[in-house]
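Secondary and tertiary structure notes
Residues per chain, in single letters:
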Amino acid sequence: MEHFHIIIEKNIPFIRGVFDDVASVSYLAPEEITREAMKDADALVTRTRTRCDRNLLEGSRCRIIASATIGLDHIDTAWCSQNRISVKNAPGCNAPAVAQYVFASIISAYGTDLRGLTLGIVGVGHVGSIVKDWGERLGMTVMGVDPPRAEVEKDETFHSLEETAAKADIITVHTPYTRSGAHATHHLFDSAFFSSLKRSPMIINSARGAIIDTPALKEAMKEGRVSRAVIDCWENEPGIDRVLLDEAYIATPHIAGYSREGKIRATVMAATAVAEALGLPKPVFEENVAPGAARNITAEGIAASYDPFRDTALLRATPENFERLRNTYDLRPEVPERP
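Now for a description of the structure that goes with this document. (Residues numbered from 1 in each chain as written. Predicted model: local features only at pLDDT ≥ 70, side-chain atom pairs only at ≥ 80, totals over all residues. Heavy atoms only, no water.)

Notes on the overall build of the protein chain
Put simply, the rule reads: Labels follow the DSSP assignment, with helices taken as runs of H or I lasting at least four residues and strands as runs of E lasting at least two, numbered in each case from the N terminus. Computation of the radius of gyration draws on C-alpha atoms alone. For the globule rule, the value is 2.2 Å times the number of residues to the power 0.38. With a 1.4 Å probe rolled over the protein chains alone, any residue whose accessible area is under 20% of its type maximum counts as buried; one over 50% counts as exposed, and the rest are partly exposed. Contacts are assigned to residue pairs that have any heavy atoms within 4.5 Å of one another. Surface accessibility in these figures is a Shrake-Rupley result with a 1.4 Å probe; residues are shielded only by whichever protein chains are displayed. Charged residues are defined here as Lys and Arg on the positive side and Asp and Glu on the negative side; His and the ends of the chain fall outside this count. Note on charges: their place is set at NZ of Lys, CZ of Arg, CG of Asp or CD of Glu.
Assigned secondary structure in the protein chain consists of 14 helices and 11 strands. Rg of the C-alpha trace for the protein chain: 20 Å, near the compact-globule value of 20 Å for 339 residues, within the 12% margin. Expressed along its principal axes, the backbone C-alpha trace of the protein chain runs to roughly 60 × 45 × 45 Å. Expressed as a percentage of its 339 residues, the buried residues of the protein chain come to 53%. The long-range fraction of contacts in the protein chain, counting pairs at least 24 apart against all pairs at least 6 apart in sequence, stands at 63%. About 15,200 Å² of surface is accessible on the protein chain, with carbon and sulfur atoms providing 48% of the total. The centroid of the 38 positive side-chain charges in the protein chain is displaced by 0 Å from the centroid of its 46 negative side-chain charges.

This is the structure we're talking about:
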């Protein structure tokens, strides 16, 4: 068997030892994953804190990058493709945990009876679809906004962002982060968007920080156009805006998707991708987890499963420890099925 060298970010849970019997493995902190370190690496298993581009990879023999994350905005996928480096991610791995975070935040503000409330979901993909399903099961009126899906699927049940801004009591965003194209999401929630809000909604960002224009959000909160802000993803992480930290209803260190089950799913998907690319045996994991989110849920069950105010208190106490709080997070269980 050909001998391979695999570099793995050491903060990725449940992966230590998986490849140790079939390859040389280096477990490195994000700042240790350098161009020099990557020179003799055949594969990289990483998360969002490592920028994977020409500066890191030129001259490396790396043939696959597996990111144990949903997003890929930390990877220059075009350059990797041009240089025959395969890129894999873990789509949907933490979607149930993000939905848990969203509804725990909503229930903390509105109580367990959500009937009569209108929920706007911007981005109805892996996460947004679960949020939509749970919202409908809990009696909410749900408005889904997803222009790319609407165009492809010719689905007229999707709503416009403008209509949702006028009618929603709560708006949660679950889009990828993109800076260009017909549906770019950089500062999608900007001054014009906040000016169009009619019902002073709660705004929730557990997607990517720069989808929201931070100064515009703070101004909208000051003027009462946004009643509450729930922020898990921040512009300029880890150097987060301290004023928004103080003024947000819930403020957490990018941990919405940090469930035990979600991390196992992500690690399994990333490790499996590396094994397939290098022709190694399929990785074996001790723990099996449900492939997706619970369907038979209750508001009471969601509220009991997670308290976002605990994580808010920890971040407000030591905002300078944003990265440490994230990297040492005590992974929580996802929302269970109702008995």
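From this point, the discussion proceeds with the structure in view.
Quick look at unusual backbone geometry
Glu 237 connects to Pro 238 through a cis peptide bond whose omega is 0 degrees. By the element assignment, Pro 238 lies in the loop between strand E10 (228-231) and helix H10 (242-247). Residue Lys 154 is not a glycine yet carries a positive backbone phi of 55 degrees. Note on placement: Lys 154 falls in the loop between helix H6 (147-153) and helix H7 (161-167). Even without being glycine, Ser 200 reaches a positive phi, approximately 45 degrees. Within the element layout of this structure, Ser 200 appears in the loop between helix H8 (191-195) and strand E9 (202-205).

A look at the environment of Pro 291
Its location among the elements puts Pro 291 in the loop between helix H11 (260-278) and helix H12 (299-305). Take Pro 291: its relative accessible area is 82%, and that puts it in the exposed class. When the C-alpha atoms of Pro 291 and Pro 96 are compared, they prove to be 9.7 Å apart, with 195 residues separating the residues in sequence.

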